[in-house]
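# Chains, contacts and geometry: an overview
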Amino acid sequence: MDFNVKKLASDAGVFFTRAVQYTEEKLGQAEKTELDAHLENLIARADCTKNWTEKIFRQTEVLLQPNPSARIEEFFYEKLDRKIPSRTTNAELLGQYMQDAAKEFGPGTPYGSTLITVGDFQKRLGGAEREFLHTSAINFLAPLRNFLEGDWKTISKERRLLENRRLDLDVCKARLKKAKSAEAKAAAAPDFQETRPRNYVLSASASAAEHELRVAQTEFDRQAEVTRLLLEGISSTHVNHLRCLHEFVEAQAAYYIQCHKHMQDLQKELSRFPNAFAVNASTSGVSTGPSPLSTATLPGASSPSRPPNPSNALESSTLKIEEVKPPATGTRKAKVLYDYDAADTSELSLLSDELITVYTVPGMDPDWLIGERGNQKGKVPVTYLELLS
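As the structure is a computational prediction, the values presented were derived from the model and not from experiment.

Take the overall build of the chain next. A count of helices and strands for the chain gives 10 helices and five strands. Expressed as a percentage of its 389 residues, the buried residues of the chain come to 30%. The contacts of the chain with a sequence gap of at least 6 include a subset with a gap of at least 24, amounting to 71%. As presented, the chain carries roughly 24900 Å² of accessible surface, and 57% of it is formed by carbon and sulfur atoms.

Following this line, the structure appears as structure tokens:
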């Protein structure tokens, strides 16, 4: 090991003089060389970029992986340069639980067969989520991490070096100022016995201080130029992050489109199953609202098929729309989800997003309600409504 005592002592001396200069600047006892306005603006812009990039990076990590323990584990895998193990997503785990439950309840039962179908689609949702997480980690998180752990560390190193060069420059300025002051003082009050030797020493000291100042100024200017070039590269960083942001949005949009399609397909699958719970509710005399799967459809979903006209003999023979009166209690507000054209005079046409009053009367088909809008009244399909109250 090459241990250079002289270099160690020299470095310690430089560190001490810088510390003294920095302390005196903070106390207002020493002058400070200010950076030019352009460089100050570049530094402020770089600091702003770093701070917000770090916040966006951390919050995106939380969005993609809400579990803090899993994030810590992934962090250690990255630092050890090892492949992160594949994890089962929550949707995939839920789907597996549903299918396992269906085996216990009986896959041939309505509940069991529905659990199998829903579980399969939950696994599809989990697969889409896994693909989204992988794409986002590569196209968005990785570039942000590379900036924070690579480019920014280089910029910070050069900025620290620039600050050291500035302190050295100010130390040299202070030394030259003291040497000039001492030389002027000696010239004003000469000592006739020691005038020549002392003036020679003071002049030599001032010359050495001027030389050190020129060297320090050159090193400071060179380091300021290096730092400026690095800070101007922040504009390129913004362009790169903008491209990555577009890719992240595209991945997110593709993920939600996949989820939307899977849920639409799931609704179509469930619509083929017998409506066992509606049958049970009607036979037990309990009036039930529309199924959440039929009323809480995703935005942009196509309108459900028109329900069959009621063929109940009691309803067709006794129910006359113009004679139906709303009950004293039991009316509800409903929001129309899709446009609906009445098939005959007993039905009420609907417009998407409008609000109407609905209620049921004894003997009605459970897929239909009586709807009122002002003075208009008629039967409306429950699958086209979202009950609000």
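Turning next to the pattern of salt bridges. For the structure on display, the rule yields 16 salt bridges. Among the salt bridges present, the one from aspartate 47 reaches arginine 159, with a minimum N-O distance of 2.7 Å. Note that aspartate 47 is positioned in helix 2 (residues 37-64) and arginine 159 in helix 5 (residues 110-188), a separation of 112 residues in sequence. Among the charged side chains, a salt-bridge network with shared partners connects Arg58, Glu61 and Arg145.

Residues Leu242, Leu245 and Val249 make up a contiguous nonpolar surface patch of about 250 Å² in total accessible area. Inspection of the secondary structure puts valine 249 in helix 7 (residues 234-271). A residue is classified by how much of its surface remains accessible, and valine 249, at 46% relative accessible area, is partly exposed.

What follows is about the packing of aromatic side chains. This model, assessed by the stated rule, comprises eight aromatic pairs. With 5.2 Å between their ring centres and 50° between their planes, tyrosine 255 and tyrosine 256 make a pair best called tilted. Its relative accessible area of 15% is what places tyrosine 255 among the buried residues. Taken together through their ring pairs, the aromatic side chains of Phe132, Phe140, Phe248, Tyr255 and Tyr256 make up a single cluster. The ring centre of tryptophan 52 lies 4.5 Å from the NZ or CZ of lysine 55, which sits over that ring. A cation sits over an aromatic face here: arginine 124 above phenylalanine 121, 4.4 Å from the ring centre.

Within the secondary structure, aspartate 341 sits in the loop between strand 1 (332-336) and strand 2 (355-359). Judged by relative accessible area, aspartate 341 falls into the exposed class, the value being 57%. In this structure, the C-alpha to C-alpha distance between aspartate 341 and leucine 351, residues 10 residues apart in sequence, is 8.6 Å.

Turning to the pairing of strand 2, a few remarks are in order. Where burial is concerned, most of strand 2 is hidden: four out of the five residues are buried. In this structure, strand 1 lies alongside strand 2, joined through four bridges in antiparallel fashion. Each residue of the ladder has a partner; that of alanine 334, found in strand 2, is isoleucine 356. Inspection of the sheet shows strand 2 paired to strand 3 (residues 368-373) by three bridges, in the antiparallel sense. Within the sheet, the bridge partner assigned to tyrosine 359 lies in strand 3 and is isoleucine 370.

This paragraph deals with the confidence of the model for the chain. Per-residue pLDDT for the chain has a mean of 82; in total, 78% of the residues score no lower than 70. Predicted confidence is poor over residues 276-299, with pLDDT under 50, and the contacts of this stretch with residues over four places away or in other chains come to 22 contacts. Counting interchain partners and residues more than four positions distant, the pLDDT-below-50 stretch residues 311-317 has seven contacts.

Helix length check: helix 2, at 28 residues, gives a terminal C-alpha distance of 40 Å against a target of 40 Å (1.5 Å per residue), a fit within 8%. When helix 2 is considered as a whole, its buried residues turn out to be Leu39, Leu42, Ile43, Ala46, Thr49, Thr53, Phe57, Thr60 and Leu64. Here helix 2 starts with a cap whose side-chain oxygen sits 3.2 Å from the backbone nitrogen of histidine 38, and that cap is aspartate 36.

Moving on to the packing of helix 2 against helix 7. Two elements in contact, helix 2 and helix 7, have axes whose closest approach is 12 Å; the angle formed by their N-to-C orientations is 20°. Relative to helix 7, the element helix 2 is oriented roughly parallel. In the packing of helix 2 onto helix 7, the handedness of the crossing is left-handed. Contact residues: Arg45, Ala46, Thr49, Thr53, Thr60 and Leu63 in helix 2; Ile234, Ser235, His238, His241, Phe248 and Gln252 in helix 7. Residues that form the contact of helix 2 with helix 7 fall into these classes: four nonpolar, seven polar and one charged.

If you look at the biggest cluster of nonpolar residues, it comprises 33 residues, and the most contacted ones within it are Leu39, Phe132 and Leu231. Taken together, the elements giving at least two residues each to this core come down to helix 2, helix 5, helix 6 (195-232) and helix 7. For leucine 39, the residues in contact, after removing those within four places along its chain, are Leu162, Ala224, Arg228 and Leu231. Of all hydrophobic cores here, the second largest spans 21 residues; its members include Val358, Tyr359, Met364 and Val382.

The subject of this paragraph is the environment of serine 207. For serine 207, the position within the fold is in helix 6. Residue class for serine 207 comes out partly exposed when judged on its relative accessible area of 41%. As for serine 207 and leucine 176, which are separated by 31 residues in sequence, their C-alpha atoms are 8.5 Å apart.

All right, on to the sheet that holds strand 3 then. In any sheet, the strands associate via hydrogen bonds between backbone groups, in a parallel or an antiparallel arrangement. Taking strand neighbours across the sheet as the criterion, the five strands line up as 4-3-2-1-5 in an open arrangement whose pairing is antiparallel. In this open sheet, the two edge strands, each paired with only one partner strand, are strand 4 (376-381) and strand 5 (385-387). Taking the axes of each pair of neighbouring strands and ignoring which way they run, one obtains an average angle of 40° across the sheet. Across six bridges, strand 3 lies against strand 4 in antiparallel orientation.

Rules used in this analysis
- Residues numbered from 1 in each chain as written.
- Predicted model: local features only at pLDDT ≥ 70, side-chain atom pairs only at ≥ 80, totals over all residues.
- Heavy atoms only, no water.
- Helix = DSSP H or I, 4+ residues; strand = E, 2+ residues; numbered from the N terminus.
- Buried < 20%, exposed > 50% of the residue type's maximum accessible area, 1.4 Å probe, protein only.
- Contact = heavy atoms within 4.5 Å.
- Areas by Shrake-Rupley, 256 points an atom, 1.4 Å probe, with all protein chains shown as cover.
- Salt bridge = Lys/Arg side-chain N within 4 Å of Asp/Glu carboxyl O.
- Patch = residues over 30% accessible without salt bridge, like charges linked within 9 Å, V, L, I, M, F, W, Y side chains within 5 Å.
- Phe/Tyr/Trp six-rings, centres within 6.5 Å; stacked < 30°, edge-to-face > 60°.
- Lys NZ or Arg CZ within 6 Å of the ring centre and 35° of its normal.
- Pairing = 2+ DSSP bridges.
- pLDDT = per-residue confidence, 0-100.
- Expected span 1.5 Å × (residues − 1).
- Polar contact = N/O pair within 3.5 Å; in protein donor to acceptor, adjacent residues only side chain to side chain.
- Axes fitted to C-alpha atoms, helices over the stretch in contact; angles between N-to-C directions.
- Parallel < 35°, antiparallel > 145°, perpendicular 65-115°, else oblique.
- Left-handed = near helix turned anticlockwise from the far one by under 90°.
- Nonpolar A, V, L, I, M, F, W, Y, C, P; charged D, E, K, R; others polar.
- Core = buried A, V, L, I, M, F, W, Y, C linked by side-chain atoms within 4.5 Å.

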